[in-house]
Amino acid sequence: MPAKKLSQKHSIDLNKLSWNDFHALPLTDKSAFFKKDPRVFDCLFAGQFDKDILNDLFKLADKIRTKAQTKRGLDKLQQLLSHKRACLYFAQPSTRTFLSFQNACHILGIKTSDIRSTAASSEAKGESLEDTIRTMHSYVDLIIIRHSNPYIAEKAAWIINQTERPIPIINAGSGPQEHPTQALLDVYTIKRAFGRVNDKKIAMIGDLKRGRTIRSLTYLLNNYKNIHINYISTDSFKIPDDLVEFLDKSNISYSQSDNIESIKDADIVYLTRIQDEYDVNNESKLVDHSNYWLKKEHLKLLKKDSIILHPLPRRNELPEEIDDDPRALYWQQERNGMWIRTALLAYIFKVDKAI
Ligand code: NCD
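Axis separation between helix α8 (residues 180-194) and helix α9 (residues 212-221) bottoms out at 8 Å; the angle between their running directions is 60°. One finds that α8 runs oblique with respect to α9. Here α8 and α9 pass one another in a crossing that is right-handed. Of the residues in α9, those in contact with Pro180, Gln182, Ala183, Leu184, Asp186 and Val187 of α8 are Thr213, Ser216, Leu217, Leu220 and Leu221. Its residues placed into classes, the contact of α8 with α9 shows seven nonpolar, three polar and one charged.

This is the structure:
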């Protein structure tokens, strides 16, 4: 593959950098490496998406879901990428991200294979993660990765883009770092609910420190005007310093609160689960989280036209008794994930114009 240059201004040949040097570059300097003619090719970070791409993806997802309603439309969609194969490498638990990606592939005719744990791959025999990725690359045209290692999706793209047959890599959740396609479906859901994303107040609640959906959604919302985010959590689960730094330089206005009642101003209430899989010393168990659970009594505080979202899976922070409230949109949000992921695949493989 031809060496990808940073831009005319820079003359660093990204292929000549070591992984550590490459990885340390800010996204603005390396995003060209994850593009092809000149689209997003590897989907790794929410920061790769600008407003134009987002609008295109949202329109495309709307078209796909309409087409998919009839057999004729679905048959046509299934022809588009019937010559492609994907490997879903999910080394962390997943229900909806896995199934929605798998079904997104199937809607476009992409055949799928999967590895759902490191115990089931040759990593269990001591193979390096890098060699495992190279092996998947030998057989398929797309790799979708969820892994507890926050950097492996990027590293996979770095390795595979330097082979003679680059294929797209999609990050389906990278440790506590990023979950860009979750952010796509979150913003798509907001857009469908309100018709626009600008001028919205969002309350994000729960494990803001380790929630990868919180980070990716924050990055994506920076594409919109007049956004306010109110981050609500206990002191020990506040957003990390680097996200505060990002926000200070961003277009987003934000506040931090330890009072769930501050949801009363929100247009969107975005709840998250405590990510205790990342606990080092059982720190989640040391805190009483119940003050950050949405309870039925909170519903009367909420604006009539607000919406309640959650990336799911949920625990006590979102009791089932909320499900009947018309503002509860998380089941629609979940289904939106399949359509926006289908749109993303169509965009990456450049069949969007045929839809
Ligand atoms: C989220 C994740 O995996 O980060 N789930 C998902 O992809 N829908 C949120 C979570 O697990 O809490």
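Text resumes after the structure shown.
The next subject is the sheet that holds strand β3 (residues 85-90). Note on sheets: strands pair through backbone hydrogen bonds, and any given pair is parallel or antiparallel. Here we have four strands laid out as an open sheet, ordered β4-β3-β5-β6, and parallel in their pairing. Edge strands, defined here as strands with exactly one partner in the open sheet, are β4 (111-115) and β6 (169-174). Pairs of neighbouring strands in the sheet enclose a mean axial angle of 15°, with direction left out of account.

Let us now look at the site of the ligand. With respect to spatial proximity, the complete set of residues near the ligand consists of Arg96, Thr97, Arg146, His179, Gln182, Arg212, Thr213, Arg273, Gln275, Pro311, Leu312 and Pro313. Residue Arg146 places a side-chain N or O atom 2.9 Å away from an oxygen atom belonging to the ligand. In the model, an oxygen atom of the ligand is placed 2.8 Å from a nitrogen or oxygen of the Arg273 side chain. Here the ligand, which alone exposes 320 Å², has 94% of that area covered by the protein. Of all elements in the fold, only α5 (96-107) and α9 reach the threshold of two or more residues within the shell around the ligand. By residue class, the composition of the shell around the ligand is three nonpolar, five polar and four charged.

With that settled, the discussion passes to the nonpolar core. Most often, soluble globular proteins have nonpolar side chains that are buried together. By size, the foremost hydrophobic cluster in this structure holds 70 residues, and its most contacted members are Phe49, Leu57, Ile144, Ile170, Met204 and Leu221. Beyond its immediate stretch of four places on either side in the chain, Leu57 contacts Phe49, Leu184, Ile340, Ala343, Leu344 and Tyr347. In this structure, Phe33, Leu129, Met136 and Ala156 belong to the second largest nonpolar core, which totals 26 residues.

Attention now moves to helix α7 (residues 152-160). Every α-helical turn comprises 3.6 residues, leaving residues that sit three or four positions apart pointing alike. When you tally the buried positions in α7, you get nine out of nine residues, the bulk of the element. For α7, the full list of buried residues reads Ile152, Ala153, Glu154, Lys155, Ala156, Ala157, Trp158, Ile159 and Ile160. Buried residues belonging to α7 abut α1 (19-24), α2 (27-30), α6 (129-139), β5 (142-147) and β6.

Moving on, we come to the pattern of salt bridges. For the structure on display, the rule yields 21 salt bridges. The residue Lys30 makes a salt bridge to Glu154 at a minimum N-O spacing of 2.9 Å. Here Lys30, found in helix α2, pairs with Glu154, found in helix α7; they are 124 residues apart in sequence, far enough to count as distant. As far as burial versus exposure is concerned, Lys30 and Glu154 are alike and both buried. Here Asp141 ties to Arg165 by a salt bridge, and the two come within 3.6 Å at their closest N and O atoms. In this pair, Asp141 is assigned in the loop between α6 and β5 and Arg165 in the loop between α7 and β6, connecting sequence segments 24 residues apart. In this structure Asp141 comes out as buried when scored by relative accessible area, which is 15%. Note on Arg165: relative accessible area 31%, which makes it partly exposed. A network of salt bridges, in which partner residues are shared, links Asp207, Arg210, Asp279 and Glu283.

Cut-offs applied
- Residues numbered from 1 in each chain as written.
- Predicted model: local features only at pLDDT ≥ 70, side-chain atom pairs only at ≥ 80, totals over all residues.
- Heavy atoms only, no water.
- Axes fitted to C-alpha atoms, helices over the stretch in contact; angles between N-to-C directions.
- Helix = DSSP H or I, 4+ residues; strand = E, 2+ residues; numbered from the N terminus.
- Parallel < 35°, antiparallel > 145°, perpendicular 65-115°, else oblique.
- Left-handed = near helix turned anticlockwise from the far one by under 90°.
- Contact = heavy atoms within 4.5 Å.
- Nonpolar A, V, L, I, M, F, W, Y, C, P; charged D, E, K, R; others polar.
- Pairing = 2+ DSSP bridges.
- Near = heavy atom within 4 Å.
- Polar contact = N/O pair within 3.5 Å; in protein donor to acceptor, adjacent residues only side chain to side chain.
- Areas by Shrake-Rupley, 256 points an atom, 1.4 Å probe, with all protein chains shown as cover.
- Core = buried A, V, L, I, M, F, W, Y, C linked by side-chain atoms within 4.5 Å.
- Buried < 20%, exposed > 50% of the residue type's maximum accessible area, 1.4 Å probe, protein only.
- Salt bridge = Lys/Arg side-chain N within 4 Å of Asp/Glu carboxyl O.

Read these as layout, nothing more, since geometry by itself doesn't imply function.
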